[in-house]
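# Analysis of the macromolecular model
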Amino acid sequence: EGAAAVQAVSGPLTLHTISPQRYVDTRFDGGGPFPPQGSTGGAFIFDFGLPDYFEGGVPNEVPPDALAVTFNVTVTSGTSGGNLRAFPADSAVIPLVANVNWSTGQTVGNFAIVAAASGGDFSTSVAFHNASTRGSVHVIVDIFGYFSS
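Residues numbered from 1 in each chain as written. Predicted model: local features only at pLDDT ≥ 70, side-chain atom pairs only at ≥ 80, totals over all residues. Heavy atoms only, no water.

### Focus: the sheet that holds strand E7 (residues 125-130)
- With antiparallel pairing, four strands are arranged side by side in an open sheet as E2-E7-E4-E5. The open sheet has two free edges, formed respectively by strand E2 (44-47) and strand E5 (100-102), since each of these has just one partner strand. Averaged over all pairs of adjacent strands, the angle between strand axes in this sheet comes to 20°, irrespective of strand direction.
- As judged from the five bridges shared by strand E4 (residues 82-88) and E7, these two strands associate in the antiparallel manner. Looking across to E7, one finds that Phe 87 is bridged to Ala 127. (Pairing = 2+ DSSP bridges. Helix = DSSP H or I, 4+ residues; strand = E, 2+ residues; numbered from the N terminus. Axes fitted to C-alpha atoms, helices over the stretch in contact; angles between N-to-C directions.)

### Remarks on the pairing of strand E8 (residues 138-148)
- The buried fraction of E8 is high, at 10 of 11 residues.
- With eight bridges connecting them, strand E1 (residues 14-25) and E8 associate as antiparallel partners. Looking at the pairing, Arg 22 lines up with Asp 142 of E8. (Buried < 20%, exposed > 50% of the residue type's maximum accessible area, 1.4 Å probe, protein only.)

### Focus on the nonpolar core
- Counting 27 residues, the largest nonpolar core has Phe 48, Phe 71, Leu 84, Phe 128 and Val 141 as its most contacted members.
- Among the secondary structure elements, those contributing two or more residues to this core are E1, strand E3 (68-76), E4, E5, strand E6 (108-115), E7 and E8.
- Here Phe 48 is in contact with Tyr 23, Val 24, Tyr 53, Asn 60, Val 62, Val 69, Thr 124, Val 126, Phe 128, Val 141 and Ile 143, once residues within four sequence places are set aside.
- Counting residues in hydrophobic clusters, the runner-up holds five residues, among them Phe 87, Ala 89, Ala 117 and Ala 127. (Core = buried A, V, L, I, M, F, W, Y, C linked by side-chain atoms within 4.5 Å. Contact = heavy atoms within 4.5 Å.)

### Focus: the confidence of the model for the protein
- Averaged over all residues, the pLDDT of the protein is 87; the fraction at 70 or higher stands at 88%.
- Counting contacts from residues 1-5, a segment whose pLDDT is below 50, to residues more than four positions away or on other chains yields eight contacts. (pLDDT = per-residue confidence, 0-100.)

### A few points about the pairing of E7
- Counted residue by residue, E7 has six buried out of six residues, so it is predominantly covered.
- Where burial is concerned, the two faces of E7 agree: the one with Ser 125, Ala 127 and His 129 and the one with Val 126, Phe 128 and Asn 130 are both buried.
- Examined bridge by bridge, E2 and E7 share four bridges and lie antiparallel to one another. Paired with Ile 45 across the two strands is Ala 127, which belongs to E7.

### Comments concerning unusual backbone geometry
- One non-glycine residue, Ser 77, adopts positive backbone phi at about 60°.
- Counting through the fold element by element, Ser 77 comes out in the loop between E3 and E4.
- What makes Ser 77 partly exposed here is its relative accessible area of 41%.

### Re the sheet that holds E1
- Strand order in the open sheet formed by four strands is E1-E8-E3-E6, and the pairing between neighbours is antiparallel. Of all strands in the sheet, those bounded by a partner on one side alone are E1 and E6. With strand direction ignored, the average angle separating the axes of adjacent strands in the sheet is 20°.
- As paired elements, E3 and E8 share nine bridges and run antiparallel to each other. Within the sheet, the bridge partner assigned to Thr 74 lies in E8 and is Ile 140.

The structure is reproduced here in structure tokens:
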């Protein structure tokens, strides 16, 4: 079942590096920490390719047709241990593999390359799922680049 969550991105692809930008920080964005979602349930979806993603005229360097994004994902202030999974937003399956694991109160980061959604309403969107069954966690996403064909 977890293999169904893998999205193949055919190449050759070109990596475009960008100035690191903080795209998500639940400590300060008013949305609060990601609640526990267990092994099933919803996911939080972020469309990193929106031209107006940032307020105040700050340019978004990730284009709407990016095939994958490269980022550091950090979790902090978890109220219990758990793991966070990142995957294409149009995937019908939550992957079984975690991008980052943590213990209560721990701050942990990990680099990831995640395929973006394949098009339509979810273009350049990545979903995040807090697979913890008990605790919430704050999530920080800093994007460093993207892949294009």
